[in-house]
Amino acid sequence: MNTFKPDSRLQKQSELKYWLEYLVLLGIVVLVSNYVFMLTTEKIALLLSVLLLIRIADRITQYYVSQIEIDKEEANIKIVLESILSGTKVREYEFNKIKIELVEHSGLRKYTGSPFELLITVESGGLYKIGNRYGYNINTLKEIERAVRM
């Protein structure tokens, strides 16, 4: 059985990059909206507060993949999901019930998000997007893809 866990250093770097990009985007929205709509300071503060609260709520309710276990003998994959608010869930799928694909992004998406993602599509309708934001590097994702395909 192969077990894959995220790299905590890469996860922290990616999360910091994500929040810095979001704060820069918020700053641009405030400058443009202030220039176009002539907003007061109170309205700008309210706008920023609402946008930050939405992003924080999204972050604490979102599940992320904290561990992937691949058992070649039983031909199944176990995905451990964690959420700050909801705790831990474990999902287990047989290899023949999933489709796995490693996607390398280009253009703007490469710089603003994860430059690569492992897409695990479940036959019953689920989709897992695993990238470097949560600490998985390209080599680990290639290993996961190879292990499932063999």
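For the structure itself, consult the block above.
Rules used in this analysis
- Along each chain, residues carry numbers from 1 onward, in the same order as the chain's sequence is written.
- Per-residue local features are limited, in this predicted model, to residues with pLDDT of at least 70; the limit for side-chain atom pairs, both in listing and counting, is 80 or more; totals at the level of whole chains, interfaces and linings are taken over all residues.
- Water and hydrogen atoms were dropped before computing side-chain values, which therefore reflect all heavy atoms in the structure.
- By definition, any uninterrupted DSSP run of H or I lasting at least four residues is a helix, any uninterrupted run of E lasting at least two residues is a strand, and each is numbered from the N terminus.
- Atoms considered for the radius of gyration are the C-alpha atoms alone. The globule rule reads 2.2 Å times the number of residues to the power 0.38.
- The buried label applies to any residue whose accessible area, calculated with a 1.4 Å probe on protein chains only, is under 20% of its type's maximum; exposed applies above 50%, and partly exposed to all values in between.
- Throughout, a contact is declared for two residues whenever any of their heavy atoms are within 4.5 Å.
- Here the accessible surface of atoms and residues is derived via Shrake-Rupley with a 1.4 Å probe, and residues count as covered only by protein chains that are part of the display.
- His is not counted, nor are the chain ends, whereas Lys and Arg count as positive and Asp and Glu as negative.
- Lysine's charge is taken at NZ, arginine's at CZ, aspartate's at CG and glutamate's at CD.
- Two strands pair if DSSP finds at least two bridges between them.
- What counts as an axis is a line fitted to C-alpha atoms, over the stretch in contact for a helix, and the angles between N-to-C directions run from 0 to 180 degrees.
- Residues enter a patch when their relative accessible area is above 30% and they make no salt bridge; the linking distance is 9 Å between like charges and 5 Å between nonpolar side chains (Val, Leu, Ile, Met, Phe, Trp, Tyr).
- Any Lys or Arg side-chain nitrogen located within 4 Å of an Asp or Glu carboxyl oxygen qualifies as a salt bridge.
- Take the buried Ala, Val, Leu, Ile, Met, Phe, Trp, Tyr and Cys residues and link them wherever side-chain atoms come within 4.5 Å; each set so joined is a nonpolar core.
- Any pair of N or O atoms that falls within 3.5 Å is considered a polar contact. Within protein, one atom must be able to donate a hydrogen and the other to accept it, and sequence-neighbouring residues count only if both atoms are side-chain atoms.

*Asks:* Can you break down the overall build of the chain residue by residue, with the values?
*Replies:* Each helix and strand in the chain was counted, giving four helices and seven strands. Taking 15 Å as the expected radius of gyration for a compact globule of 150 residues, we find that the chain reaches 19 Å, considerably beyond that expectation. If you line up the chain on its principal axes, its C-alpha atoms span 65 × 35 × 30 Å. For the chain, with 150 residues in total, the buried portion stands at 35%. Looking at the chain alone, contacts between residues at least 24 apart form 50% of all its contacts between residues at least 6 apart. For the chain, the accessible surface area stands at approximately 9,700 Å², while carbon and sulfur atoms represent 58% of it. Charge separation in the chain, taken as the distance between the mean sites of 20 positive and 18 negative side-chain charges, equals 5 Å.

*Asks:* Quick rundown of the sheet that holds strand S1 (residues 2–4)? Include the residues and the values.
*Replies:* With respect to topology, four strands assemble into an open sheet ordered S1-S2-S3-S4, the strand pairing being antiparallel. Pairing within the sheet leaves two strands with one partner each, and these edge strands are S1 and strand S4 (87–94). Each adjacent strand pair in this sheet contributes to an overall mean axis angle of 15°, direction not counted. Summarising the sheet, S1 and strand S2 (residues 64–71) pair through three bridges and their orientation is antiparallel. The partner of threonine 3 across the bridge, within S2, is glutamate 69.

*Asks:* Account for a negative patch on the surface, naming residues and giving values.
*Replies:* Together, Glu73, Glu74, Glu92 and Glu94 make up a negatively charged patch on the protein surface. Inspection of the secondary structure puts glutamate 92 in strand S4.

*Asks:* Account for the nonpolar core, with residues named and values stated.
*Replies:* Core analysis: the largest hydrophobic core is formed by 23 residues, its most contacted members being Ile68, Ile70, Ile77 and Ile120. Listed by contribution, the elements that provide at least two residues to this core are S2, strand S3 (76–83), strand S5 (98–104), strand S6 (116–122), strand S7 (127–131) and helix H4 (138–149). Not counting chain neighbours up to four residues away, the residues in contact with isoleucine 68 comprise Asn2, Thr3, Phe4, Ile77, Lys78, Ile130, Tyr136 and Ile144.

*Asks:* Tell me what's going on with unusual backbone geometry, and back it up with residues and numbers.
*Replies:* In this structure, alanine 75 is a non-glycine residue whose phi angle is positive, near 55°. With respect to the helices and strands, the residue alanine 75 is situated in the loop between S2 and S3. A residue is classified by how much of its surface remains accessible, and alanine 75, at 29% relative accessible area, is partly exposed.

*Asks:* I'd like to hear about a nonpolar patch on the surface, residue by residue, with values.
*Replies:* Together, Val24, Ile28, Val32, Tyr35, Val36 and Phe37 make up an exposed nonpolar region whose accessible area comes to about 680 Å². Relative to the helices and strands, tyrosine 35 resides in helix H1 (residues 8–37). We classify tyrosine 35 as exposed; its relative accessible area is 67%.

*Asks:* Explain the side chain of asparagine 76 to me, and be specific about the residues and the numbers.
*Replies:* By secondary structure assignment, the location of asparagine 76 is in strand S3. Here asparagine 76 falls in the buried class, since its relative accessible area comes to 9%. Reaching out from asparagine 76, the side chain makes a polar contact with the side chain of glutamate 92 at a distance of 2.6 Å. The contact partners of asparagine 76, leaving out residues within four places of it in the chain, are Glu69, Ile70, Asp71, Glu92, Tyr93, Glu94 and Phe95.

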